Amino acid sequence: MPHVLISSKKCTGCHMCELACSAYHEGAYRPSVTRLFSEVNPTLGTTKGHTCLQTGCAKCQQVCPNDAIVTKQVTVTPKGAFASKEKLGESVTGYILVVDEAKCTNCGECYAACPTGVIHEHPDRHVAFKCDLCDGDPQCIAFCQNPYVLAVDLKLDKADKALVVS
Amino acid sequence: MHLSRGIRFRDKGGIVDFYRGQVLRVDLSAGSVAVEPLNTEWAEKYVGGKGLLLRYLWQEVPPRIDPWAPDNPIILMTGPFAGTNVTTASRLVVGCKSPVTGIYNDSYVGGSFAPEIKFAGYDAIIITGQAAEPVVLTIADDTVDFVPAKPRYWGMRTSEIEMALRADFDRDVKVLSIGPAGEAEIPWACISTDQYHKAGRGGHGALMGRKGLKAIAVRGTGSVSVGDAQAFLADVLRMHTDYILTEDNLWANEEGTPFLAQVMSDAGVMPTLNWSTGSFDGIESINSDAMQKIKTKNRACYQCALGCRQWHDVGSVAGEGPEYETIAICGANCGIDDLEALLEFNHECDELGLDTISCGTVVALAMDLAAKGVKDFGLRFGQREGYVNAPELIVQRKGVGADLALGARALAAKYGRPDLAFEVKNLELPGYDPRGSFGMSLAYSTSDRGGCHMRSFPIVEEVVAGTLPPDSLQGKAEYNVVKQNFSSMKFSGIWCDFWAMDLNQIAQLMKHVWRREVSEEELAVVGERIWNVGRLFNLREGVEPDDLPVRLYAAEYAHTTGASAGRAIGSEVFREASAEYYRLRGWDDRGVPSEAKLTELGVDVRLPSVATIDLRER
């Protein structure tokens, strides 16, 4: 289903996506509380993208003892240029995974299970927090805009393509 | 040690939006740290970056102090937009009274260090004193520690220290360091961050070495508030679309600064063979086309959509750079058309922590002295032998390195040829020959930190765009005044030179900081205010007259070859334009700002006594 992916090959390591992500969700720029990140080694010039694959992965949902990771329908309409626009169209409807904070006990099962390391304890609210595609307006894609880069992109999970409503 | 302070890093942002409201003070002599509130009155008047740095330097530098003395501080200053989505504003400015020039020096560097300082909770770090034994300073939000640099870290090259500190402390730690050059106090040792990013000019690395500070490792988990974040995000995105993602800016990602190489050589502006001509015969081997063949990817500074950093790989060496200045000064000026040798030289300078502009200038001078039969340093124009190893010999002060480590002015003086040193106020000149672009003469002579192209850059209009005549000084005094004021404002943001922004765009961003409509006029005043504080600082400390190496303007030294052959500014014209510049500035004939001008600009500092000013001899 719709999820964001960072192309490690294209990424220049500017961290714009993390900045936008944190400002949108936290109300202030705080990239230590980000829902996706690019692991950058400036000395070696390498980058490795870490994003939530949503329902295509769902390890967090599987291990949650409290059913606090819930499936939610969302229509995603990214702003600006993004590489897969031609293929996916202006908007994509599908399912993502979000945290039901009322049910989350901060037990940490999902933190350990997440293969990309993008679900964590929120430092202020002390519950899990993760990518929700900004309710359909992903800021990370909007701010990865250099026409030569477009490293942060919207992707669809093959298995669930039947559910896509364009 | 754990700092006690009112604001903890898990708060909802700084005291004032865009600023964290705190300054970290580090005393290396006492091995102590303290936090103090940011002077918000100064922050409003001087914005941040260059302006706020200067105001703090005025306060913190004991007048007339020996720059090598422990009490001469190194100040790391951020700008209000560091740590936000505002493109290119991640820059850090490093400042001190330069041990090389004896006047103030502000050196800018990209990478990710400034945002990390902000996230750790500080707008600035003021470093004073001198450690008894070398240390590494570690900052994790409000936990600050001194770690002995010996034996593990002292002696490490810049890539090694970064990798080591990441391994020892935190994968995400951001590192500001010196290499062996800073430890050896080489006059043009620079400060490095993210390996390829250098606060290059003015010897900050040497002063850091003298202070016994090998590196600072910082990790911040706090936040930079911007008021209404959603509104700010929307406005910044609009500005990116309108001003950043335009065809005008694509050069940065496509070619970066190497694009200038062919243009400058064609215009007779490229310093070649120690400034003896303005066009380089071997330019095609080291121009942007040559670089494109070995380019493998783009890199970017933190929060930058331009992504101008070009990653090159020739097998023996891989990494970012060389930038234009290195191509010009370490390439053409040394007669080097061997791209691999140039990359190796650049890599050595990066790893040792040497400024390539000064290093290339000194090597070219040594080659020139040999060519003229004055002294043989084993260095020849165009020859790889000796050239690639020169940086290492300089740092070790071994063999010819001992002489070369003197710097261009002292080296040329030692061998009786001061006319062959291309520097202003003892800072070696970057890669633009004023004989091909007359406006650069005033840009160099009136630059507030000595030989520098960053304060005013008539190359854009005189050479790249061709909208102003390159062979006339008519109107260039005014041009330089306006541009210096503008760049003073721009470098307080701190925006990178590569965003070709104007005051209107700065106003659109500053209104978020000041929470009111901002006019272009008031921003120009802020810029002029900052430039005047810089002048006062330099007058207070004792500054050489604003001058230029005579070869760059006198009629008898016009080039005889290259695209700028036969062109000379002429001594009389240069003197007249210099006087005009002072008049336009509201300065007297010694460059002292009038009381009326300082009052008009709202400058809140004054010289102790105008009578004490002496313009030092060169």
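Nothing here was measured: the structure is a model prediction, and the numbers come from that model. (Residues numbered from 1 in each chain as written. Chains lettered and ligands numbered in written order. Predicted model: local features only at pLDDT ≥ 70, side-chain atom pairs only at ≥ 80, totals over all residues.)

This part is about the overall build of chain B. What chain B contains, in helices and strands, is 24 helices and 17 strands. Put simply, chain B has 618 residues, and 61% of those count as buried. (Helix = DSSP H or I, 4+ residues; strand = E, 2+ residues; numbered from the N terminus. Buried ≥ 20, exposed ≤ 12 C-beta atoms within 10 Å, placed from the backbone.)

A rise of 1.5 Å per residue sets the reference length of helix α20 (residues 476-490) of chain B, with its 15 residues, at 21 Å; its end C-alpha atoms lie 20 Å apart and thus fit the reference within 8%. The element α20(B) is largely enclosed, with a buried count of 13 among its 15 residues. (Expected span 1.5 Å × (residues − 1).)

With that out of the way, let us pick up the confidence of the model for chain B. All names here are of chain B. Of the residues in chain B, 96% have a pLDDT of 70 or more, and the chain-wide mean is 95. Between residues 4-15, whose pLDDT stays under 50, and residues either more than four places distant or in other chains, the model counts 24 contacts. Of the two predicted TM-score estimates for the complex, the pTM is 0.96 and the ipTM is 0.95. (pLDDT = per-residue confidence, 0-100. Contact = placed C-beta atoms within 7 Å.)

A separate point is the domain arrangement of chain B. Residues and elements named next belong to chain B. Under the domain assignment used here, chain B contains domain 1 (22-219), domain 2 (247-420) and domain 3 (434-451 + 455-490 + 519-618). Centre-to-centre separation of domain 2 and domain 3, based on C-alpha positions: 26 Å. Contact residues are listed per partner, giving eleven residues for domain 2 and 15 residues for domain 3. A breakdown of the residues in the side of domain 2 that touches domain 3 according to their chemical character gives five nonpolar, four polar and two charged. (Domains from an automatic or database assignment. Nonpolar A, V, L, I, M, F, W, Y, C, P; charged D, E, K, R; others polar.)

All names here are of chain B. Helix α22 (residues 520-541) packs onto helix α2 (residues 49-60) with a crossing angle of 35° between their chain directions and a minimal axis gap of 10 Å. For α2 against α22, the interelement crossing comes out left-handed. Here α2 contributes Lys50, Gly51, Leu54, Arg55, Leu57 and Trp58 to the contact with α22, which in turn contributes Val526, Ile530, Val533, Gly534 and Phe537. Considering only residue class, the contact of α2 with α22 consists of seven nonpolar, two polar and two charged. (Axes fitted to C-alpha atoms, helices over the stretch in contact; angles between N-to-C directions. Left-handed = near helix turned anticlockwise from the far one by under 90°.)

Below, the discussion takes up the pairing of strand β3 (residues 46-50) of chain A. All names here are of chain A. The alternating pattern of β3 places Thr47 and Gly49 on a buried face and Thr46, Lys48 and His50 on a face that is not buried. Relative to β3, strand β2 (residues 37-41) runs antiparallel, the two sharing five bridges. Its bridge partner being in β3, Ser38 is matched across the sheet by Gly49. Hairpin geometry of β2 and β3 is characterised by an intervening segment of four residues between the two adjacent antiparallel strands and by a positive phi of about 70° at Gly45. (Pairing = 2+ DSSP bridges.)

Time to look at the sheet that holds strand β8 (residues 143-148) of chain B. Residues and elements named next belong to chain B. With mixed pairing, six strands are arranged side by side in an open sheet as β8-β7-β12-β9-β10-β11. The open sheet has two free edges, formed respectively by β8 and β11 (197-199), since each of these has just one partner strand. With direction set aside, neighbouring strand axes in the sheet form an average angle of 20°. Here three bridges tie strand β10 (residues 191-193) to β11, and the two strands are oriented antiparallel to one another. Bridge pairing links Ile191 to Ala199 in β11. In this fold helix α3 (residues 113-120) packs onto β7 (135-140), β9 (174-177), β10 and β12 (213-219), with an angle of close to 60° to the strand it touches most, β12. Packed on one face of the sheet, helix α4 (residues 158-168) meets β9, β10 and β12 and runs near 145° to β9.

As a further point, take the environment of A:Thr51. All names here are of chain A. On the secondary structure map, Thr51 appears in the loop between β3 and α2 (59-63). C-beta crowding within 10 Å serves as the criterion here: with 21 such atoms nearby, Thr51 is assigned to the buried category. In this structure the C-alpha to C-alpha distance between Thr51 and Ala68, which are 17 residues apart in sequence, comes to 20 Å. In contact with Thr51, not counting residues within four places along its chain, are His3, Val4, Leu5, Ile6, Leu36, Thr116, Val118 and Cys131.

Residue and element names in this part refer to chain B. Two numbers describe how helix α12 (residues 324-331) lies on helix α13 (residues 339-352): the axes approach to 11 Å, and their chain directions differ by 110°. As judged from the angle between their axes, α12 and α13 are roughly perpendicular. Only Leu342, Phe345 and Asn346 of α13 make contact with α12, whose side of the interface consists of Thr326, Cys330 and Gly331. Residue composition of the contact of α12 with α13, by class: three nonpolar, three polar and no charged. (Parallel < 35°, antiparallel > 145°, perpendicular 65-115°, else oblique.)

Now for the pairing of strand β3 (residues 74-77) of chain B. Residues and elements named next belong to chain B. The alternating pattern of β3 places Ile74 and Leu76 on one face and Ile75 and Met77 on the opposite face, and all of these are buried. The pairing of β3 with strand β4 (residues 92-97) spans three bridges and is classified as antiparallel. Pairing of Met77 across the sheet is with Val93, part of β4.

Residues and elements named next belong to chain B. In this structure, Pro151 follows Lys150 across a cis peptide bond, with omega equal to 0°. The residue Pro151 is located in the loop between β8 and α4 in this model. Here the amide bond leading from Gly493 into Ile494 is cis, since omega sits at -10°, within 30 degrees of zero. Tracing the backbone shows Ile494 in the loop between α20 and α21 (503-514). The phi dihedral of Asn426 falls on the positive side, at around 70°, and the residue is not glycine. Checked against the element boundaries, Asn426 lands in the loop between β16 (423-424) and β17 (427-428).

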